[in-house]
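One-letter residues, chain by chain:
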Amino acid sequence: MIRVLFVCLGNICRSPMAEAVFQHLVDQAELTDQIEADSAGTTNWNVGRPAHRGTRDALRRRGIAYEGRARQVTLADLYEADYVIAMDTENIHDLHQRAPRGVLDDKLHLLLDLAYPGSAREVPDPIYDGRFEQVYELVEAGCRSLLDHIRGEHGLQST
């Protein structure tokens, strides 16, 4: 099983959106038995809370269900994940602070690295400006590129 962990600051906006979108794409590709998605936050601020209403609304408008609850990333998450996908460079910094040296080598990436190669694009936090639709578009592009990358890297075909 290939494990993909999406990470943002509080795990109520961007990372749960990415988890839901990516899982939806995995399901559509009939790769559910080979890839699993999860999400977590670098802080414990929102542990146990549902995803932000803006995130849930953006997903619901596209027919994507999400019932997850916020949680904080653990060291076990970082060891067990094959891909740790951060939303911005602050998340990357926080994850490097948390993980022992070498744990994140070759597995930590920004979500938009593959969708927009050559440009350090970040997924902005919509909690500050309410731009959940713009964030959804970025997340979907990043998730599509990530799934294509994983399929190519692992030679995965739909079942």
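Before reading on, note that the structure itself is shown above.
Rules behind the numbers
All residue numbers here refer to positions counted from 1 along the written sequence of the relevant chain. Reporting in this predicted model follows two pLDDT cut-offs: at least 70 for local features of residues, and 80 or more for side-chain atom pairs to be given and counted; totals over whole chains, interfaces and linings ignore these cut-offs and use all residues. The side-chain quantities take in all heavy atoms of the structure and omit both hydrogens and water. Secondary structure elements follow DSSP: runs of H or I no shorter than four residues count as helices, runs of E no shorter than two count as strands, and numbering proceeds from the N terminus. The globule rule used for comparison is 2.2 Å times the number of residues to the exponent 0.38, while the radius of gyration itself is calculated over C-alpha atoms. The contact definition used throughout considers only heavy atoms, calling two residues in contact when any of these lie within 4.5 Å. Areas reported as accessible are Shrake-Rupley estimates using a 1.4 Å probe. Residue values count occlusion only from the protein chains shown. Only four residue types enter the tally: Lys and Arg on the positive side, Asp and Glu on the negative side; His and the chain ends are excluded. For charged residues, the charge sits on one atom: NZ in Lys, CZ in Arg, CG in Asp, CD in Glu. Angles here are taken between N-to-C directions and fall from 0 to 180 degrees, while the axes themselves are lines fitted to C-alpha atoms, restricted in helices to the stretch in contact. Comment on the angle field: the value is read as roughly parallel under 35 degrees, roughly antiparallel over 145, roughly perpendicular from 65 to 115, and oblique elsewhere. Left-handed describes a crossing whose near helix is turned anticlockwise from the far helix through less than a right angle; right-handed describes the clockwise counterpart. Charged means Asp, Glu, Lys or Arg here, nonpolar means Ala, Val, Leu, Ile, Met, Phe, Trp, Tyr, Cys or Pro, and polar covers whatever is left, Gly included. Two strands qualify as a pair provided that DSSP identifies no fewer than 2 bridges between them.

Before going further, it helps to examine the overall build of the protein. Within the protein one finds five helices and four strands. Starting at the N terminus and walking to the C terminus, you meet the elements of the protein as β-α-β-α-α-β-α-β-α. The globule rule puts the C-alpha radius of gyration for 159 residues at 15 Å, and the 14 Å found for the protein is close to it. Seen through its principal axes, the protein has C-alpha atoms that stretch 40 × 40 × 30 Å. A separation threshold of at least 6 residues defines the contact pool for the protein, and within that pool the share at least 24 residues apart is 75%. Carbon and sulfur atoms make up 46% of the accessible area of the protein, which amounts to about 7900 Å² in all. With 17 positive and 25 negative side-chain charges, the protein shows a separation of 6 Å between the mean positions of the two kinds.

Before going further, it helps to examine the packing of helix 1 (residues 14-28) against helix 5 (residues 132-154). At their nearest, the axes of helix 1 and helix 5 sit 9 Å apart, and the two run at 50° to each other. Here helix 1 lies oblique to helix 5, going by the angle between them. The two elements helix 1 and helix 5 meet at a crossing, and its hand is right-handed. Touching Arg14, Met17, Ala18, Val21, Phe22, Leu25 and Val26 of helix 1 are Phe132, Val135, Tyr136, Val139, Glu140, Cys143, Arg144, Leu146, Leu147 and Ile150, all from helix 5. Its residues placed into classes, the contact of helix 1 with helix 5 shows 14 nonpolar, no polar and three charged.

Our next topic: the sheet that holds strand 1 (residues 2-8). What links the strands of a sheet is backbone hydrogen bonding, and the strands pair in either a parallel or an antiparallel sense. Strands sit in the order 2-1-3-4 across an open sheet of four strands; the sheet is parallel. At either margin of the open sheet sits one strand with a lone partner, and together these are strand 2 (35-41) and strand 4 (108-110). The sheet shows a mean angle of 25° between the axes of neighbouring strands, taken without regard to direction. In this structure, strand 1 lies alongside strand 3 (residues 83-86), joined through four bridges in parallel fashion. Within strand 3, the residue paired with Leu5 across the bridge is Val84.

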